[in-house]
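Residue strings, one per chain:
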Amino acid sequence: MKRTSREHWSPLKGGCMDPAAGLTYSSFFLKTKMLAYILCTALAVLPLMIYFRNPYFLKDLSYTFLSIYVGIRLSRIKKKFYSILDRFLDKVAEHPHKKFIVYEESSYTYSQADRESNKVARALLTHAHLKEGDTVALFLGNEPWFVWIWLALSKLGCTASFLNVNIRSKSLLHCFSCCEAKVLIAGADLQGAIEEVLPTLKQQGIRVFILREHCHVDGIESLSDKIQMESDEPLSRQLRASINIKSPAVYIYTSGTTGLPKAAVINHEKVWIRAFGMTFAGVRSDDIVYIYLPLYHTAGFLLGLYGAIERGTTVVLRSKFSASNFWNDCRKYNVTVIQYIGEVMRYLCNTLKRDNDKDHKVRLAIGNGIREDTWVEFLERFGNICIRECYGATEGNVGFFNYGGKIGAVGREHFLYKMACKYALIRFDTEKEEPVRDSRGFCIEVPRGETGLLVAKIGKRTPFSGYAKDKQQTDKKKLRDVFEKGDMYFNSGDLLKITDEGFIFFQDRIGDTFRWKGENVATTEVADHLLTVDFIEEAKVYGVKVPGHEGRIGMAALKLKENMDFDGKAFYQHVKNYLPSYARPRFVRIQDALVVTSTFKQMKVKLAEEGFNPALIKDPLFYLEDNKGYIPMTQELFNCIAEGRLRL
Ligand SMILES: *[C@@H]1O[C@H](CO)[C@@H](O)[C@H](O)[C@H]1NC(C)=O
């Protein structure tokens, strides 16, 4: 009975001459068949199970392979030092006639860029007497010269220090002195800003060059004419023989989350980690990358230009962002990869709808800070573009990458990265502005889904090189005794949240800095400038949230000197002369006394929460009208801003 029923299953039923043999055969096939059934079912169900357990399984897997690939390449680069310049020179050899930089109506091949930078290097060698290890400050906007000069400095084994072209006077001098450069190279259009600080530069014996053919100002030397005279023959590698993976490659200014702008030291190792951002995002050598973000910032320079060189792509360079020309540029130059900051994506969504909105070849957008609603709107409006959001501070030792494509997230946790970089979100007291500690004095990791301060262990693989010549600020970014006695973590100053699914969401930034239009604004620095106005006795600067905008906009609470009035005109002249537009307080609040209720920090938090609504604030309020001046704030104005009819 048993046998028959079994035989029913056998594919060879009745086909066997020997009943005993038949039994063996049939049971063998039966077993195989059952096994096959089970296997097939399992194979069919497994992906489903994996999918329900983790819908991002395939993405996680491909990210794992990418991480291994990049890890292997990094370890090779470290073993036998290979710089981004070496990568560039290899690409020149590989495809000398491929376009490297396209700028306005001109384009330059890899080989042309190489030769141009040889000329610059020779001119600097002859006239500025540069040698290996020297630092040169570059005060220049986005143009091909920026790239040639940086390449030239790399060829000479020098470190470039990139000054923000928006800064002036005291800030400019401060930034310049951070990196102890002896030479300053400025763009032709920035001569005025240089002349303002020239007496001090002269006093310090700084050599100043300007990218012009002639210059008749005493103390500024022309550079363009000198470059033209030089030969474009390659320079000896001997000139940079002792540069290694730990040598500073560039200085990039950041306000970190506290105090004045500081020069973050980016060594060659860090440069590579950043440059691989494009590799992780899936950029290919046949892509065309559009760079309009300033090259003096991390995003434009390290992720953008370095990433493009790493991949050997063509770069379309633009002096600055233009919402009206953005898509026309993309179409004209066949751009396939764009970079962004959140604001830019919003500006693009705010432009008038056009029939050809989806007519372009852009397939990938890499950046940081896009809001969830903008993300959705952007895809609807401009088509199926893969958005790769990332997170990372210029000087930080930790970064995330949202390869899963979850809308709104800045990153996704991955076990390999967790192994390489020990980071944690710790409980944070926003009132006292410090981490919460347990009875033993250690920090407390928050559970999933809860907001915490991001910290990352400082170690051999995750170093924190800190800020140039600023030990105090470097120390401020270090958090000690976090989980055990004697350990040390990098304090990101950012509050993040990690969901059950493993996606990382940015929540807020703490400290004396806020972010507006993609720039960090250091509140103390702005306050220091305001205090030089003759009728101001005290000034507190902070950022306030504006509905529908990323980041925070600047606001100042002022206490006036006795028997003095707020002179809106004079105040405007002052902020216009000394502060870049993103740092100018957009709202001003006049207080009788800057009430110190409890701690200073708590007061700032309170002021920031109160915002700029005249219905709630009884103090006199002023609003900075675009390029005009400070006018009294009204309820009408407030409503316009709150409803998005007036964009800031
Ligand atoms: C862009 O692509 C089109 C079609 O592939 C081509 O005809 C055109 O020459 C390209 N434009 C540029 C600037 O490379």
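Parameters at a glance
Residues numbered from 1 in each chain as written. Predicted model: local features only at pLDDT ≥ 70, side-chain atom pairs only at ≥ 80, totals over all residues. Heavy atoms only, no water. UniProt positions renumbered as here; feature names shortened; annotations may be inferred. Axes fitted to C-alpha atoms, helices over the stretch in contact; angles between N-to-C directions. Helix = DSSP H or I, 4+ residues; strand = E, 2+ residues; numbered from the N terminus. Parallel < 35°, antiparallel > 145°, perpendicular 65-115°, else oblique. Contact = heavy atoms within 4.5 Å. Nonpolar A, V, L, I, M, F, W, Y, C, P; charged D, E, K, R; others polar. Near = heavy atom within 4 Å. Polar contact = N/O pair within 3.5 Å; in protein donor to acceptor, adjacent residues only side chain to side chain. Phe/Tyr/Trp six-rings, centres within 6.5 Å; stacked < 30°, edge-to-face > 60°. Buried < 20%, exposed > 50% of the residue type's maximum accessible area, 1.4 Å probe, protein only. Lys NZ or Arg CZ within 6 Å of the ring centre and 35° of its normal. Disulfide = S-S within 2.5 Å. Pairing = 2+ DSSP bridges. Core = buried A, V, L, I, M, F, W, Y, C linked by side-chain atoms within 4.5 Å. Domains from an automatic or database assignment.

- Under the annotation held in an unreviewed UniProt entry, the protein carries the name long-chain-fatty-acid--CoA ligase and is attributed to Oreochromis niloticus.
- In its Subcellular location (unreviewed entry) section, the UniProt record describing the protein reads: "Cell membrane".

**A closer look at the packing of helix 10 (residues 268-275) against helix 12 (residues 298-311)**
Each pair of packed helices can be described by the angle between their axes along with the distance between the axes.
Step number 1: Running from amino to carboxyl end, helix 10 crosses helix 12 at an angle of 80°, the nearest separation of the two axes being 8 Å. By the angle between their directions, the pair helix 10 and helix 12 is classed as roughly perpendicular. Along the contact surface, helix 10 presents Val271, Trp272, Arg274 and Ala275, while helix 12 presents Thr298, Leu302, Leu303, Tyr306, Gly307 and Glu310.
Step number 2: Its residues assigned to classes, the contact of helix 10 with helix 12 shows six nonpolar, two polar and two charged.

**Quick look at the site of the ligand**
Step number 1: The environment of the ligand is made up of Lys332, Asn334 and Lys361.
Step number 2: Within the side chain of Asn334, an N or O atom sits 2.3 Å from an oxygen atom of the ligand.
Step number 3: Separating an oxygen atom of the ligand from a side-chain N or O atom of Lys361 is a distance of 3.2 Å.

**A look at unusual backbone geometry**
One can expect most non-glycine residues to show negative phi and most peptide bonds to be in trans.
Step number 1: Phi is positive for Glu104, which is not a glycine, with a value near 50°.
Step number 2: Relative to the helices and strands, Glu104 is located in the loop between strand 1 (99-103) and strand 2 (106-109).
Step number 3: We note that Ser169 has phi near 40°; this positive angle belongs to a residue other than glycine.
Step number 4: Examined against the element boundaries, Ser169 turns out to sit in helix 7 (residues 169-178).

**Some thoughts on the packing of aromatic side chains**
Step number 1: In the structure shown here, the tally under the stated rule is 43 aromatic pairs.
Step number 2: Taking the centre distance of 4.7 Å and the plane angle of 65° together, the rings of Phe162 and Phe301 count as edge-to-face. On the criterion of sequence distance, the pair formed by Phe162 in strand 4 (residues 159-162) and Phe301 in helix 12 is long-range, its members being 139 residues apart. Exposure class is identical for Phe162 and Phe301. Each is buried.
Step number 3: Summarising the aromatic geometry, the rings of Trp327 and Phe378 are spaced 6.2 Å apart at their centres and angled 35° between planes, so their arrangement reads as tilted. A residue pair is termed long-range when its members are at least 10 positions apart, and Trp327 in helix 13 (residues 326-332) and Phe378 in helix 15 (residues 372-382) qualify at 51 residues.
Step number 4: Aromatic ring contacts, followed pair by pair, group Tyr290, Tyr292, Phe321, Phe326, Trp327, Tyr347, Phe378 and Phe382 into a single cluster.
Step number 5: In this structure, Lys262 is placed above the aromatic ring of Tyr467, and the distance from its NZ or CZ to the ring centre is 5.2 Å.

**Remarks on the state of the cysteines**
Step number 1: For the structure shown, the criterion picks out zero disulfides.
Step number 2: The closest cysteine sulfur to the non-disulfide-bonded Cys158 is located on Cys179, 12 Å from its own sulfur.
Step number 3: Cysteine Cys179 shares no disulfide, and the gap to the nearest cysteine sulfur, in Cys178, comes to 7.1 Å.

**Considering the sheet that holds strand 15 (residues 399-401)**
Paired through backbone hydrogen bonds, the strands of a sheet run either parallel or antiparallel to each other.
Step number 1: In spatial order, the strands read 2-1-11-10-12-13-14-15; together these eight strands make up an open sheet with mixed pairing. The sheet terminates laterally at strand 2 and strand 15, the two strands that pair on one side only. Within the sheet, the average angular offset between the axes of one strand and its neighbour, ignoring direction, is 20°.
Step number 2: Sheet contacts for helix 12: strand 1, strand 10 (288-291), strand 11 (314-317), strand 12 (337-341) and strand 13 (364-368); angle to strand 12, the most-contacted strand, approximately 165°.

**Here we look at helix 18 (residues 523-530)**
Because the α-helix completes a turn every 3.6 residues, residues three or four places apart line up on one side.
Step number 1: With six of eight residues buried, helix 18 is to be regarded as a mostly interior element.
Step number 2: Among the residues of helix 18, those classed as buried are Thr523, Glu525, Val526, Ala527, His529 and Leu530.

**Brief notes about the nonpolar core**
Step number 1: In terms of nonpolar packing, the biggest core is built from 121 residues, with Trp150, Phe301 and Leu305 touching the most fellow members.
Step number 2: Ranked by the residues each element gives to this core, the list is headed by helix 6 (residues 144-155), at eight residues.
Step number 3: Counting contributing residues, this core receives three or more from each of domain 1 (108-267) and domain 2 (420-495).
Step number 4: Val541, Val575, Ala583 and Tyr630 belong to the second largest nonpolar core, which has 44 residues in total.

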